[in-house]
Amino acid sequence: RADSARRIYNGFREVNGQRPNIGSAVVLENTNKGGGIILTAEIKKVSPKGLSGSLAYTYTDVVDVAGNPGSVAASFWSGNPAVGTQNQILPGRAGTLVPHRIIGTLSYRVEYLKFMATTVTLFYSGFNQDVFSWTYQNDMNGDGNASDLIFIPRNQSDINLLPITGATPFSVQQQWDALNSFITNNNYLDKRRGQYAERNASVLPWRHNLDLNIQQDFFKNIGKNRNTLRLTIDILNFTNMLNRNWGLRDQRVLNNMPLVFAGANAAGQPTYRMQVVNGQLPTQAFQTNRSVASTWAMQIGLRYIFN
């Protein structure tokens, strides 16, 4: 709510009604908070007729107190998304985990003409692409760190929006209508109305990826050893080669920052403007990434094997 955000606005001095000990000599220290679990189940089948396959599922749930690895101690601390101050040691989902992943393979190999063999293999992977935090653009609470988790309004009275002026103006009502749709169209944000976003609690949509590998072997026994010349063709994101609308990645429309902090009003309440993307107010959290990250690719290899 606007009053909740106001209590945060004055900086880390008012977090939970306490002032952190900013004069302490300790910059970073270890903690026993955090931990997690990684579980994998897999089944495999190999047929004497050249057919084989496997299917594996991995579940990951890991929490830590600082999900941003940083390059130095300062960025490790300041880049950690938080509601109040980064001095609070609050566990949250680790920023590098993949909550769910499915991996499958299906392969068939056949030998013929006494010196040739062909192997065709499909590799499938399905997974949540990334976890991330919804934060404000700019430093909302005045603590010097621009890593503040957003408050998700229940209704228009929960947020103070300012008009957007310039070449492409938008009124307060237009911004709220877009923001409300943006929240409604995202399951996580819609469920968290009236609360702050959690660190790394949001996930990018599930992605399906199918790769194709073809191996053509030419072999000959020389003495007691088999010598093989192998030609390989790999088609990455094979489904996109079949249909340009398949195998596409999704990406965040606003780079996880839907709201720009615009300062405090006369009553000390924070004010905001919604981010504008390509001259429009976005109403969806994700969009299709039509770039080289989504297109299919092919690579050809040649290998000589002897043993």
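Residues numbered from 1 in each chain as written. Predicted model: local features only at pLDDT ≥ 70, side-chain atom pairs only at ≥ 80, totals over all residues. Heavy atoms only, no water.

## Describing the overall build of the protein chain
- Within the protein chain, the regular secondary structure consists of 5 helices and 16 strands.
- In the protein chain, buried positions account for 37% of the 307 residues.
- Of the roughly 17,500 Å² that the protein chain leaves accessible, carbon and sulfur atoms contribute 54%. (Helix = DSSP H or I, 4+ residues; strand = E, 2+ residues; numbered from the N terminus. Buried < 20%, exposed > 50% of the residue type's maximum accessible area, 1.4 Å probe, protein only. Areas by Shrake-Rupley, 256 points an atom, 1.4 Å probe, with all protein chains shown as cover.)

## Concerning the pairing of strand S1 (residues 35-46)
- Among the 12 residues in S1, 0 count as buried, and that is only a small part of the element.
- When S1 meets strand S2 (residues 51-64), the two strands line up antiparallel, connected through 12 bridges. When the bridges of S2 are listed, Gly-35 appears paired with Val-63.
- A loop of 4 residues connects S1 with S2, the two strands running antiparallel in sequence, and Gly-50 in this loop sits at a positive phi of about 95°. (Pairing = 2+ DSSP bridges.)

## Thoughts on the pairing of strand S10 (residues 206-222)
- In the sheet, strand S5 (residues 116-128) pairs with S10 via 13 bridges, with the strands oriented antiparallel. In the strand pairing of S10, Phe-127 is matched with Arg-207.
- Relative to strand S11 (residues 225-236), S10 runs antiparallel, the two being bridged by 11 bridges. Directly across from Gln-215, in S11, lies its bridge partner Thr-232.

## Comments concerning the pattern of salt bridges
- Within the structure shown, the criterion is met by 9 salt bridges.
- Across the pair Arg-199 and Asp-64 runs a salt bridge whose closest N-O atoms are separated by 3.0 Å. Residue Arg-199 is found in the loop between strand S8 (195-196) and strand S9 (202-203), and its partner Asp-64 is found in strand S2; the two are separated by 135 residues along the sequence.
- Since its relative accessible area comes to 7%, Arg-199 is described here as buried.
- One salt bridge connects Asp-130 with Arg-252, and the closest N-O pair in it is separated by 3.6 Å. Of this pair, Asp-130 sits in the loop between S5 and strand S6 (131-132) while Arg-252 sits in strand S12 (residues 249-252), placing them 122 residues apart in sequence. (Salt bridge = Lys/Arg side-chain N within 4 Å of Asp/Glu carboxyl O.)

## Describing the environment of Gln-280
- Assignment of secondary structure puts Gln-280 in the loop between strand S14 (270-274) and strand S15 (286-289).
- Distance from Gln-280 to Ala-178, taken between C-alpha atoms, is 9.5 Å for residues 102 residues apart in sequence.
- Ignoring sequence-local partners within four residues, the contact set of Gln-280 consists of Phe-170 and Gln-275. (Contact = heavy atoms within 4.5 Å.)

## A word on the nonpolar core
- Within the largest apolar cluster, 29 residues are counted, with the highest numbers of intra-cluster contacts made by Trp-134, Leu-189 and Tyr-272.
- Counting only elements with at least two residues in this core, the list comes to strand S7 (151-152), helix H3 (172-184), helix H4 (187-191), strand S13 (259-264) and S14.
- Excluding anything up to four places from it in sequence, Trp-134 contacts Asp-148, Leu-149, Ile-150, Phe-182, Asn-186, Tyr-188, Leu-189, Ala-197, Ser-202, Asn-256, Pro-258 and Ala-285. (Core = buried A, V, L, I, M, F, W, Y, C linked by side-chain atoms within 4.5 Å.)

## Structural notes on the packing of aromatic side chains
- This structure, assessed with the given rule, holds 7 aromatic pairs.
- Between Arg-101 and the ring centre of Phe-127, over which it is positioned, the NZ or CZ distance is 4.8 Å.
- Sitting over the ring of Phe-132, Arg-252 keeps its end group 4.5 Å from the ring centre. (Phe/Tyr/Trp six-rings, centres within 6.5 Å; stacked < 30°, edge-to-face > 60°. Lys NZ or Arg CZ within 6 Å of the ring centre and 35° of its normal.)

## Observations concerning the environment of Asn-245
- Structurally, Asn-245 can be placed in the loop between helix H5 (238-242) and S12.
- On the accessibility criterion, Asn-245 (47% relative accessible area) is partly exposed.
- Only 3.2 Å separates the side chain of Asn-245 from the side chain of Arg-290, close enough to count as a polar contact. (Polar contact = N/O pair within 3.5 Å; in protein donor to acceptor, adjacent residues only side chain to side chain.)

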